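# Descriptive analysis of the structure
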Amino acid sequence: MRVALFVTCVNDTLYPRTGRAVVSLLERLGVEVEFPVEQSCCGQAQFNSGYRHETEPLVRRFARAFDGVDHIVAPSGSCAAMVRDNYPRIGAKALAEGRGSELADAAASVVPRTRELTEFLVDVLGVTDVGAYYPHTVTYHPTCHGLRMLGLGDRPTRLLRAVKGLELVDLPGADECCGFGGTFAVKNSAVSSAMGADKARHITGTGAAAVCTVDNSCQMHIGGTLSRLGSPVRPVHIAEILASTEEEQW
C-alpha cells in the first residue's frame, strides 16, 4: 500500500506539527508514508472566491504530484472535500465548454483515492483504537465540510472514544458553523466573529480542557476567538490527539 500525505497549505504554513503527527500516527500503525514535494495548494481558496480558471492549474498539479499512490491522506476535511466534490465540477465545466477532458480525467484519477484522515483510519485501515493516550476532557466540533460534504459522521468521535484517558463531552450546537468559512471570515468579518463567539461560548460551557476538529483552519478561527474571550480551552487537531501515547505527547 502506497500512502501519500497531502499536508495542505494551512498545515504546512501554520500548523506543521499536525502533518508530523499524521506521519507518526500512520507509521505507528504500520503504514509507510510518502510526501510528494511537488504538492501545493488544492485551489480551495481560489475556487471558493470564484476564480475557477485560476484553480485549474492546481488541479493538474495535484493529479501529477499524487500520481501512482494508492491513497492520498489529508488532515483536513475542507481540502479533502475540495478534491472530492469540486474537482469533478471543474472537470465537467471544462468539458461543457469544449476544452477537452484533461481536467475531468485528472479529477477522476484523484477523487477515489483521496481520504480525510479519520476516513482513512476507519474505512481503509479498519481501526478505531489506534493506541492513543490523551488524559484530558475533550469536546469535538464537526467542521462544515467534514460534516456536510464528506459525511464523516461518527468516525472522528469513534476514534476519540477509543483513546485511553480521554473523556469526550458533547458540544451543544455542534452542527452549527464556527463562522470561519475561509474567505467568508474576511469578507463578512462581523458575521463571522459573531458566529465564532457563539461557538466559543458553547465550547467553554462544556468544561472541556480541549476542543478538537479535523480542520486546523476552523481550529484557528475557534482558537483565536477562545483566546480573545479569555477561555482556558485549548484547541487541538484530532491528529495530535491520536498520535499521542503514554511515551510521547503531542
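Because the structure is predicted, anything quoted here is derived from the model rather than measured. As a convention, each chain's residues are numbered from 1 in the sequence order in which they are written. In view of the model being predicted, local features appear only for residues whose pLDDT reaches at least 70, and side-chain atom pairs are presented and counted only at 80 or more, with totals across whole chains, interfaces and linings using the full set of residues. The side-chain quantities take in all heavy atoms of the structure and omit both hydrogens and water.

## Concerning the layout of surface pockets
Applied cut-off: Whether a set of points on the 1 Å grid over the protein atoms alone is a cavity depends on a 1.4 Å probe fitting there but being unable to get out, while an open set qualifies as a pocket with protein on both sides within 12 Å along at least five of seven lines; lining residues are those with an atom within 4 Å of a point. Grid points are joined across faces, edges and corners, and a volume is the space filled by probe spheres set on the points. A helix here means a DSSP run of H or I that spans at least four residues, while a strand means a run of E at least two residues long, and both kinds are numbered starting from the N terminus. Residues are sorted three ways: Asp, Glu, Lys and Arg are charged, Ala, Val, Leu, Ile, Met, Phe, Trp, Tyr, Cys and Pro are nonpolar, and all the rest, Gly among them, are polar.
Estimates place the volume of the largest pocket at around 520 Å³. Forming the walls of the largest pocket are 29 residues, and the residues nearest its centre are Gln44, Ser78, Phe180, Gly182 and Ser217. The leading source of residues in the lining of the largest pocket is helix H12 (residues 216-228), at four residues. A class-by-class count of the residues in the lining of the largest pocket yields 14 nonpolar, 14 polar and one charged.

## Section: the packing of helix H2 (residues 16-28) against helix H7 (residues 117-124)
Selection criterion: For helices, the fitted axis covers only the stretch in contact; all axes are lines through C-alpha atoms, and the angles between them, taken along N-to-C directions, range from 0 to 180 degrees. Angle categories: roughly parallel below 35 degrees, roughly antiparallel above 145, roughly perpendicular from 65 to 115, and oblique for all the rest. Should any heavy atoms of two residues lie within 4.5 Å, those residues are counted as being in contact.
Running from amino to carboxyl end, H2 crosses H7 at an angle of 10°, the nearest separation of the two axes being 12 Å. As far as their axial angle goes, H7 and H2 are roughly parallel. Of the residues in H7, those in contact with Val22, Leu25 and Leu26 of H2 are Leu117, Phe120 and Leu121. Of the residues in the contact of H2 with H7, the class split is six nonpolar, no polar and no charged.

## Regarding the packing of helix H11 (residues 189-205) against H12
Between two packed helices, the angle of one axis relative to the other and the distance separating the axes together describe the packing. Packing of H11 against H12 brings their axes to within 9 Å, and their N-to-C directions diverge by 75°. With respect to H12, the axis of H11 lies roughly perpendicular. Where H11 approaches H12, its residues Ser192, Gly196, Ala197, Lys199, Ala200, Ile203 and Thr204 are matched on the opposing element by His221, Ile222, Thr225 and Leu226. Per-class residue counts for the contact of H11 with H12 are five nonpolar, five polar and one charged.

## Structural notes on the pattern of salt bridges
This is how it is decided: The salt bridge criterion pairs a side-chain nitrogen of Lys or Arg with a carboxyl oxygen of Asp or Glu, the two atoms within 4 Å. For the exposure calls, accessible area comes from a 1.4 Å probe over protein chains only, and a residue counts as buried if that area is under 20% of its type's maximum, exposed if over 50%, partly exposed in between.
Per the stated rule, a full pass over the model turns up 13 salt bridges. Close ionic contact of Glu56 with Arg52 constitutes a salt bridge, the shortest N to O distance being 3.8 Å. You can see Glu56 and its partner Arg52 sitting in helix H4 (residues 52-65), four residues apart, about one turn around the helix. For the pair formed by Glu56 and Arg52, the shared burial category is buried. Between Asp123 and Arg155 there is a salt bridge whose closest N-O contact spans 3.0 Å. Here the residue Asp123 occupies a position in helix H7, and Arg155 occupies one in helix H9 (residues 155-161), the gap between them amounting to 32 residues. It is possible to trace a salt-bridge network through shared partners that takes in Arg52, Glu56, Glu97 and Arg99.

The values reported here are purely geometric and, on their own, carry no functional implication.
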